[in-house]
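A closer look at the structure
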Amino acid sequence: MQFFGETKIDFIGLRKIAFVISAIAIAAGVISLIVKGGPGLGLDFTGGIEVHARFENFPSISQIRQALAKVGLGRAVIQQYGPRSENTVLVRYHMERISEDIATGIIDYREKKGGFESVEELKNVPAIEGVGYENLAAIFTVEPQAEGRVNLNKVDRETLTSIIQEVNSRQMVSRIEQAMKEQFGEKNPFEIISINLIGPKVSKELQRSAILAIIFALIGMLIYIAWRFEFRFAVGAVIALIHDVVISVGALSLGGYEFTLPVIAALLTIVGYSLNDTIVIYDRIRENMKTHRKRKTLIRSILNLSINQSLSRTVITSLTTFIVVLVLFLWGGQPLRAFTFTLLVGVIVGTYSSSFVATPVVYIWGKKK
């Protein structure tokens, strides 16, 4: 099936314009990341709590926000969850900073005093009332042989942070539930349908795993393409993949979306999608180089010919993928919004980079040699 007739677009001639467009898109994303102090990390990477509450009638988000502000949770993220007809609200609160502050206070006190002589000394730690002395006193001990309790003088920072966050999360759920009961009462009863807690240890492991997954994917692609084609083709493909990921990350920042595990999955999907498109063009280039070798055709003409021959297939594949993802973005609900937004950007950028980034890099590399 041909979407276009025979085309003769000079993709290589348009490379400088394309590079400027890419530079502007990357710069916009980088500026957004700098202004916002880095990417907005979701609970998967920061640690925190998610509470899903289902109401009898859909509640006012502003009223929930006011209720939570009264109990010191004004920074909570509150949003509709799923279709409006389900009357479900998601309350998200990042708690790692609170837990880390208290854990740091305990460690600093322990180092300054040379250790805890009794659990009661926790009362002297700044901000300890953020979780309550009584709650921690039931968990910790200073006795070396005490079973079922954590030794204050031996516990490490990460474990301490995790314990405090777990205690804090139980209190947080109680405060959220109580605040909403006081706000809505019997007028609009609700039930807590799920509670998700991500601890600091887990969140840091997820950060590391996500970064390694993307790095190893790029390295694997570089090795594979260098083996299947030539090294210059591998360089072009990897530069295009990095280009796609960077622009997608910048778009997420500009769009105000958080980085979660589904978003990382979307970024890895983009890497595979973009690479597939690039390899189709590379295969065509390799075939045309064999065919036109005796004719002494200029490499520029071969590259342009190959992209034009693949153009119809590229547009059909990208358009059908884009339509499916767009449907998910519009009607898939809030849980899929960041994931599908990343894919939408990735499909567009990946299609563009295969023709305007990967192949021109092969041309520029060949000229230098």
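Cut-off values and rules
Residues numbered from 1 in each chain as written. Predicted model: local features only at pLDDT ≥ 70, side-chain atom pairs only at ≥ 80, totals over all residues. Heavy atoms only, no water. Helix = DSSP H or I, 4+ residues; strand = E, 2+ residues; numbered from the N terminus. Rg over C-alpha atoms; globule rule 2.2 N^0.38 Å. Buried < 20%, exposed > 50% of the residue type's maximum accessible area, 1.4 Å probe, protein only. Contact = heavy atoms within 4.5 Å. Areas by Shrake-Rupley, 256 points an atom, 1.4 Å probe, with all protein chains shown as cover. Phe/Tyr/Trp six-rings, centres within 6.5 Å; stacked < 30°, edge-to-face > 60°. Lys NZ or Arg CZ within 6 Å of the ring centre and 35° of its normal. Expected span 1.5 Å × (residues − 1). Core = buried A, V, L, I, M, F, W, Y, C linked by side-chain atoms within 4.5 Å. Polar contact = N/O pair within 3.5 Å; in protein donor to acceptor, adjacent residues only side chain to side chain. 1 Å grid on protein atoms, 1.4 Å probe; cavity = no way out; pocket = protein on both sides within 12 Å on 5 of 7 lines; lining within 4 Å. Points joined across faces, edges and corners; volume = space filled by probe spheres on them. Salt bridge = Lys/Arg side-chain N within 4 Å of Asp/Glu carboxyl O. pLDDT = per-residue confidence, 0-100. Axes fitted to C-alpha atoms, helices over the stretch in contact; angles between N-to-C directions. Parallel < 35°, antiparallel > 145°, perpendicular 65-115°, else oblique. Left-handed = near helix turned anticlockwise from the far one by under 90°. Nonpolar A, V, L, I, M, F, W, Y, C, P; charged D, E, K, R; others polar. Pairing = 2+ DSSP bridges.

1. A word on the overall build of the chain
The helix and strand tally for the chain stands at eleven helices and six strands. Taken over the C-alpha trace, the chain has a radius of gyration of 27 Å; the compact-globule value for 369 residues is 21 Å, which it surpasses by more than 25%. For the chain, the spread of C-alpha atoms along the principal axes amounts to about 90 × 55 × 35 Å. Per-residue burial over the chain gives 47% buried out of 369 residues. Excluding contacts between residues fewer than 6 apart, the proportion of contacts in the chain whose partners are at least 24 apart in sequence is 76%. Just so you have it, the chain exposes about 19,100 Å², and 59% of that area is on carbon and sulfur atoms.

2. Focus: the packing of aromatic side chains
Following the criterion strictly, the structure yields twelve aromatic pairs and no others. Taken together through their ring pairs, the aromatic side chains of Phe-11, Tyr-352 and Phe-356 make up a single cluster. In this structure, Arg-337 is placed above the aromatic ring of Phe-329, and the distance from its NZ or CZ to the ring centre is 5.2 Å.

3. Quick look at helix H1 (residues 15-35)
With 21 residues, H1 ought to run about 30 Å at 1.5 Å a step, and its terminal C-alpha atoms sit 30 Å apart, in line with that. After H1 finishes, the residue Gly-37 shows a positive phi value of roughly 70°.

4. Here's the deal with the nonpolar core
Core analysis: the biggest nonpolar cluster contains 50 residues, and Ile-225, Phe-233, Leu-275, Tyr-282 and Phe-341 have the highest contact counts within it. Secondary structure elements with two or more residues in this core: H1, helix H7 (200-228), helix H8 (231-255), helix H9 (261-291), helix H10 (299-331) and helix H11 (337-368). In contact with Tyr-282, not counting residues within four places along its chain, are Ile-225, Phe-229, Phe-233, Gly-236, Ala-237, Ala-358, Thr-359 and Val-362.

5. Here's the deal with the side chain of Asp-283
Mapped onto the secondary structure, Asp-283 falls in helix H9. Separated by 2.8 Å, the side chains of Asp-283 and Arg-228 make a polar contact.

6. As for the layout of surface pockets
Taken as a whole, the largest pocket encloses approximately 530 Å³ of empty space. In terms of lining, the largest pocket is formed by 22 residues, of which the most central are Glu-50, Gln-79, Arg-92, Thr-260 and Pro-335. When residues of the lining of the largest pocket are traced back to their parent elements, those giving at least two are helix H2 (43-46), strand S1 (48-55), strand S2 (77-80), strand S3 (88-93), strand S6 (190-198) and H11. Of all the elements, H11 adds the most residues to the lining of the largest pocket, at three residues.

7. A few points about the pattern of salt bridges
A full pass over the atoms with the stated rule returns nine salt bridges. The partner of Arg-170 in a salt bridge is Glu-166, with the nearest N and O atoms 3.8 Å apart. Taken together, the residues Arg-170 and Glu-166, both in helix H6 (residues 157-184) and four residues apart, mark about one turn of the helix. As a salt-bridge pair, Glu-177 and Lys-181 come within 3.8 Å of each other at their nearest N and O atoms. Taken together, the residues span about one helical turn, with Glu-177 and Lys-181 both in helix H6 at a distance of four residues. Judged by relative accessible area, which is 45%, Lys-181 ranks as partly exposed.

8. Comments concerning the side chain of Ser-253
Structurally, the position occupied by Ser-253 is in helix H8. Classification of Ser-253 as buried rests on a relative accessible area of 5%. Those residues in contact with Ser-253 that lie beyond four places of it in its chain are Ser-32, Leu-33 and Lys-36.

9. A short note on the confidence of the model for the chain
Per-residue confidence for the chain averages 84 on the pLDDT scale, and 93% of its residues sit at or above 70. When pLDDT is averaged over each helix and strand of the chain, the minimum, 73, is found for H2 and the maximum, 94, for H1.

10. Quick word on the packing of H1 against H8
Two quantities define a packed helix pair, namely the angle between the helix axes and the distance between the axes. Contact pair H1 / H8: the axes reach a minimum separation of 8 Å and the direction vectors enclose 45°. With respect to each other, H1 and H8 are oriented oblique. The crossing of H1 and H8 is left-handed. Listed contacts from H8 to Ser-22, Ala-25, Ile-26, Ala-28, Gly-29, Ser-32 and Leu-33 of H1 are His-243, Val-246, Ile-247, Val-249, Gly-250, Ser-253 and Leu-254. When grouped by side-chain class, the residues that make up the contact of H1 with H8 number eight nonpolar, six polar and no charged.

11. Focus on unusual backbone geometry
Non-glycine residue Asn-87 carries a positive phi angle of around 55°. Asn-87 gets classed as buried once you look at its relative accessible area, which sits at 15%.

12. What about the environment of Ser-318?
Take Ser-318: it is sitting in helix H10. Spatially, the C-alpha atom of Ser-318 lies 56 Å from that of Asp-108, the residues being 210 residues apart in sequence. The contacts of Ser-318, once residues within four sequence positions are left out, are Tyr-273, Val-347 and Thr-351. Reaching out from Ser-318, the side chain makes a polar contact with the backbone oxygen of Thr-314 at a distance of 2.9 Å.

13. Some thoughts on the pairing of S3
Taking burial as the measure, the six residues of S3 include six buried ones, the bulk of the element. Of the two faces of S3, the one lined by Thr-88, Leu-90 and Arg-92 and the one lined by Val-89, Val-91 and Tyr-93 are each fully buried. Two strands pair when backbone bridges link them, and S1 and S3 are joined in this way by six bridges, in the antiparallel orientation. Each residue of the ladder has a partner; that of His-52, found in S3, is Leu-90. Here four bridges tie S2 to S3, and the two strands are oriented antiparallel to one another. Across the sheet, the residue bridging to Gln-79 is Leu-90, located in S3.

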